[in-house]
Amino acid sequence: MWIWLLVVGLILSHNAYLWLVQKVVPDTDILALLPVEQRDPVLQQAFTHMVDSAQQRVIVLVGADDWAQARAAADAYSAVLIKHPALFEATAPMSEQAQTDWLGPSQQNRLSLLTAEQQKLLQEKPPAFWVESALRQLYSPFSGPKLGAWQDDPFGLFTGWVQARAQETPVRPRDGYLFVEANGRQYVMLLLTLRQPAFSMANQQAVLPLLNVAAKAAKLTVPKVELISAGVILHAGAASAQASAEMSTIGVGSLLGIVLLMWLTFGAFRPVGLIVLSIAIGCLGAFSICWLIFGRVHLLTLVFGASLIGVAQDYGIYFLCSRAGSDKSLPSHQLLRRLLPGLLLTLTAAVIGYIGLALTPFPGLRQMAVFSVLGLVFAWLTVICWFPTLVQPSTLKGTRFADWCGASRHHWPLFQRNFGTLLVAILFGVFVVTGLTRLRVNDDIRSLQSPPKVLLDDQIKLSKILDAPTPVQFYLVRGDSAEQVLQREEALRLRLDPLIAQHVISGYQAMSSWTPSMQAQIANRVLVERALLGKDGPLKALAAQLGEDQSWIKQMRERALGAATQVGTNTSTLTPDAFLKTPASEPSRHLWLGRVEGVHGVTFASIVALRGLNNYANLPLLQKTASHLDGVQWVDKVSEISTVLGDYRQYMGSVLLGAYVAIFLLLFGRYRFAGWRVVLPPAIASIGVLALLGIIGQPLQMFHMLALMLILGLGVDYGIFLQEKTDHQDPAGRFAWLAVCLSAVSALLSFGLLALSSTPPLHAFGFTMLVGIAIVWLIAPCFSQSKNSRL
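Residues numbered from 1 in each chain as written. Predicted model: local features only at pLDDT ≥ 70, side-chain atom pairs only at ≥ 80, totals over all residues. Heavy atoms only, no water.

Side note on the overall build of the chain
Each helix and strand counted, the chain has 30 helices and 10 strands in total. Within the chain, buried positions represent 50% of all 791 residues. Nonlocal contacts in the chain, meaning residues at least 24 apart in sequence, comprise 81% of its contacts between residues at least 6 apart. Roughly 35900 Å² of accessible area belongs to the chain as shown, and the carbon and sulfur atoms make up 62% of that amount. (Helix = DSSP H or I, 4+ residues; strand = E, 2+ residues; numbered from the N terminus. Buried < 20%, exposed > 50% of the residue type's maximum accessible area, 1.4 Å probe, protein only. Contact = heavy atoms within 4.5 Å. Areas by Shrake-Rupley, 256 points an atom, 1.4 Å probe, with all protein chains shown as cover.)

Quick look at the structure:
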């Protein structure tokens, strides 16, 4: 007892150090669940790059019928937020100087920047076309916006290139605001950047109410203002609020139910505290050791482990029920020695089930297995070491409810070789065949989300208005140098341009659109010089039209070539590094990964993001677009995560089957051929749940498999308890059935009520537990062994 007290003291100290001093947080990276050989650090960094740039942002569109109202409402909205600099990063005002600097190095290298259409025109159109174009821009007041003096860009190439870049987003600067127009309304776009992580619940609780206050201020200023908001924190906050509300309601309900159950059974609350003590030590011990072994603990491990440790309650319940049903003259330590074989068997059976997970190649499953096994061992040792001392014969007293519940076992029929058993087997067989033939699987991560409709509507509206790229589907481009990456991007863009014409996508964002490869820049300059600045080219014809002499031509040539003559040297070249220092690069910075460490050493990488991807049926076409392009990889994060969940589901299914076989072999050593009486109830319950899922049309997913693992653990415990005390006329036998009833009802209250949750994963887990545990509970006594049993 004292040794275990020392161990528990060390566990509590280590947990206090981890949670309070180091302030550890569970790992949430889904890629960490993949085998090491399947992880790609460059891909991981690319996804983090995309997600990080998006998850800390909140975009708010403040719309009104006219521009003045939209500005007034936006000012009122911003005035609320600006008072909280600890929550939001300050947004620099869009000054005239910023708009001038926006062009930056691009303007200095304008001769090297051409759109694909301009390249085609330069190759095909005669000099007269360009002369007419230059004169139209010089004399026509409706020739469109101009950038700088006409002499800097007489043929409008740079202006056209900038306009093409501007088409990548409908957002424009206007009066110091970001402006966008849609559906006849004027919108001010507010870009809010969070200082704290979007998934921090504390940050959500601080930010979300503030956004509501800001929205009220905007509506007070302009009653008819339209507010469209989107951001990861809005979805995370809604999910947290929903989960918290459900867990509070369900948790309080289940807790009250369990406390009432224990009071009816033992007439005291102390048993509840003892069982909670064993489970708490199990959880804390498992977390502490797992952290020492793995250096981190994944969030999914905690979800999985915490639920499986629910098995641990069986050890305490079994001891307490046995204590209540045993002779008062029997000391608790002697009672423990009698119970020890059964308790050891339940622990070993559970450990065998979870060891199968540890043999899979997935580090996530291995961590879950270690966590669960450690949790069960710690809880089991707590019962063994402390309960005999803490629970004396006089501690517990049997109640009338306990006597009635224990005695109810003799009302249960036993399955025997008769017509009734055969009829039940046939009906169940028909049910199983019908259900399993209809069962389908769905590992799509999107099916696990249920955001509020208002957030979804806002997200769709905002995506249509801004034509923003998706952060979860993109192309990852790699190369040995920045130049090679840009060249490979340009090869990819040649394949993407036709998809824009086919309306598969509305556009794309790529670093090479802003900074072409050196090869492309040199080719562009050569093309412009040959097509426009040649000795007998359009420039000479233009001079003749304007009545200018040879010196004007020479001046215009020198002005056009300018810094561009130095392209290819190290003094002035348009490179990603130079572009990233300009204000214009702000919306594109997430595209450039630059120099990164890959599996095979240092590499360079970038991202080509897609806009207007609304039809998921086009994903295979987009994947095919990247085929046979060196260094280009299609990344579909949704599909990848869904694949991971699918792999986990399949591995868990295999492990579950192996666990049934291994546990039966273990039981064979003690019960011989009667061991099937222990494993068959949970097996029937699991098959029944799968068939029911097929009949009601609920697709199978990983969270169903998690629950099936728990059903096996609990079901085997029930079988062992009943097999250890088969005589239901004996007081100890009756209290073995009481232990099964208490464990089953506790599991139903703890996990089964999650079926009421509207959160898909919790509902899937809870529904499986509700049906599965109910079946095991109801049929386990029917497989008990009696003296006259012939089954």
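Additional details are given in the paragraphs that follow.
Here we look at the environment of Pro452
For Pro452, the position within the fold is in the loop between helix H17 (419-438) and helix H18 (453-466). The class for Pro452 is partly exposed, based on a relative accessible area of 32%. With 217 residues separating them along the chain, Pro452 and His235 place their C-alpha atoms 8.2 Å apart.

Digging into the packing of helix H14 (residues 332-358) against helix H26 (residues 637-671)
Interhelical geometry of H14 versus H26 gives an angle of 155 degrees and a closest axis separation of 8 Å. Classed by the angle they form, the pair H14 and H26 counts as roughly antiparallel. Crossing angle aside, the handedness with which H14 passes H26 is right-handed. Facing Pro341, Leu345, Thr348, Ala349, Ile352, Gly353, Gly356 and Leu357 of H14, the residues of H26 in contact are Met652, Val655, Ala659, Ala662, Ile663, Leu666, Leu667, Arg670 and Tyr671. Among the residues forming the contact of H14 with H26, the class breakdown is 13 nonpolar, three polar and one charged. (Axes fitted to C-alpha atoms, helices over the stretch in contact; angles between N-to-C directions. Parallel < 35°, antiparallel > 145°, perpendicular 65-115°, else oblique. Left-handed = near helix turned anticlockwise from the far one by under 90°. Nonpolar A, V, L, I, M, F, W, Y, C, P; charged D, E, K, R; others polar.)

Overview of the packing of aromatic side chains
For the structure on display, the rule yields 20 aromatic pairs. Geometrically, the ring pair formed by Trp161 and Trp514 is edge-to-face, given 5.8 Å between the ring centres and 90 degrees between the ring planes. Of the two residues, Trp161 is situated in helix H8 (residues 157-166) and Trp514 in helix H20 (residues 511-514); the sequence distance between them amounts to 353 residues. As far as burial versus exposure is concerned, Trp161 and Trp514 are alike and both buried. (Phe/Tyr/Trp six-rings, centres within 6.5 Å; stacked < 30°, edge-to-face > 60°.)

Here's the deal with the sheet that holds strand E2 (residues 172-174)
The sheet built from five strands is open, its strands ordered E2-E3-E4-E1-E5 with antiparallel pairing. Looking at the sheet topology across the chains shown, the edges are occupied by E2 and strand E5 (226-231). On average, each strand axis in the sheet is inclined to that of its neighbour by 35 degrees, with strand direction left out of account. Where strand E1 (residues 57-64) meets E5, six bridges bridge the pair, whose relative direction is antiparallel. If you follow Val58 over to E5, its bridge partner there is Gly231. Relative to strand E4 (residues 185-193), helix H3 (residues 67-81) is tilted by about 20 degrees, and along the sheet it contacts E1, E2, strand E3 (177-182), E4 and E5. (Pairing = 2+ DSSP bridges.)

Considerations on the pattern of salt bridges
This structure, assessed with the given rule, holds eight salt bridges. In this structure, Asp175 engages Arg71 in a salt bridge whose closest nitrogen and oxygen atoms are separated by 3.5 Å. Pair noted here: Asp175 is in the loop between E2 and E3 and Arg71 is in helix H3, with a separation of 104 residues, a long-range link. Glu226 is paired through a salt bridge with Lys461; the nearest N and O atoms lie 3.9 Å apart. Placement of the pair is Glu226 in strand E5 and Lys461 in helix H18, with a sequence separation of 235 residues. (Salt bridge = Lys/Arg side-chain N within 4 Å of Asp/Glu carboxyl O.)

Some points on unusual backbone geometry
Glycine aside, residues mostly have negative phi angles, and peptide bonds mostly take the trans form. For His503, which is not glycine, the phi dihedral falls at a positive 65 degrees. Mapped onto the fold, His503 is located in the loop between helix H19 (482-501) and strand E7 (507-509). For His503, a relative accessible area of 69% puts it in the exposed group. The backbone phi angle of Arg672 is positive, close to 55 degrees, even though this residue is not glycine.

Some remarks on the nonpolar core
With 101 residues, the main nonpolar core has Tyr315, Met769 and Ile773 as its most contacted residues. Top contributing element to this core by residue count: helix H28 (residues 702-724), with 16 residues. With sequence-adjacent residues up to four places away left out, Met769 is seen in contact with Ala707, Leu710, Ile711, Leu714, Leu748, Phe751, Gly752 and Ala774. Residues Val62, Tyr177, Val188 and Leu455 belong to the second largest nonpolar core, which totals 33 residues. (Core = buried A, V, L, I, M, F, W, Y, C linked by side-chain atoms within 4.5 Å.)

Notes on the packing of helix H22 (residues 538-546) against helix H23 (residues 550-561)
At a minimum axis distance of 10 Å, the contact between H22 and H23 shows a crossing angle of 130 degrees. One finds that H22 runs oblique with respect to H23. Crossing handedness for the pair H22 and H23: right-handed. Mapping the contact onto sequence places Leu539, Lys540, Leu542, Ala543 and Leu546 in H22 and Trp552, Ile553, Met556 and Arg557 in H23. Broken down by class, the residue content of the contact of H22 with H23 amounts to seven nonpolar, no polar and two charged.

Focus on helix H11 (residues 270-294)
Helix length check: H11, at 25 residues, gives a terminal C-alpha distance of 36 Å against a target of 36 Å (1.5 Å per residue), a fit within 8%. The positive-phi residue at the C-terminal boundary of H11 is Gly295, with phi of around 80 degrees. (Expected span 1.5 Å × (residues − 1).)

Section: the environment of Gln633
Here Gln633 is to be found in strand E10 (residues 632-636). On the basis of relative accessible area, Gln633 is assigned to the partly exposed category, the value being 27%. For Gln633 and Phe474, which are 159 residues apart along the polypeptide, the C-alpha to C-alpha distance reads 8.6 Å. Ignoring anything within four residues of it in the chain, the contact list for Gln633 reads Asp40, Leu43, Phe474, Tyr475, Leu476 and Arg478.

Focus on the pairing of E1
Burial runs high along E1: six of the eight residues are buried. Sheet analysis places E1 next to E4, joined by eight bridges and oriented antiparallel. Bridge pairing in E4 places Val58 opposite Leu192.

Concerning a nonpolar patch on the surface
A cluster of nonpolar side chains, namely Phe419, Leu422, Leu423, Ile426, Leu427 and Val430, defines an oily patch on the protein surface of about 620 Å² accessible area. As for its position among the elements, Leu422 is in helix H17. (Patch = residues over 30% accessible without salt bridge, like charges linked within 9 Å, V, L, I, M, F, W, Y side chains within 5 Å.)

Things to note about the pairing of E3
Pairing geometry for E2 and E3, over three bridges, is antiparallel. Within the sheet, the bridge partner assigned to Pro173 lies in E3 and is Leu178. Once E2 ends, the chain turns through two residues before running back antiparallel as E3, passing Asp175 with a positive phi of about 55 degrees. The pairing of E3 with E4 spans four bridges and is classified as antiparallel. Within E4, the residue paired with Phe179 across the bridge is Val188. Remark: two residues form the turn of the hairpin made by E3 and E4, two consecutive strands paired antiparallel; Asn183 in that turn has positive phi of roughly 55 degrees.

What about H22?
Given 3.6 residues to a turn, an α-helix orients residues that are three or four positions apart in the same direction. Along H22, the positions that sit buried rather than exposed are Pro538, Leu539, Leu542 and Ala543. Considered in projection along H22, the buried side chains sweep an arc of 140 degrees and stay on one side of the axis. Lining the buried residues of H22 we find helix H7 (127-139), helix H21 (518-532) and H23. Count one or two residues on from H22 and you reach Gly547, which has phi positive near 75 degrees. (Arc of directions from axis to C-beta.)

Section: the environment of Asp75
Its location among the elements puts Asp75 in helix H3. Residues Asp75 and Ala218 lie 143 residues apart in sequence; the distance between their C-alpha atoms is 7.8 Å. For Asp75, the side chain forms a polar contact with the side chain of Tyr177, separated by 2.9 Å. (Polar contact = N/O pair within 3.5 Å; in protein donor to acceptor, adjacent residues only side chain to side chain.)

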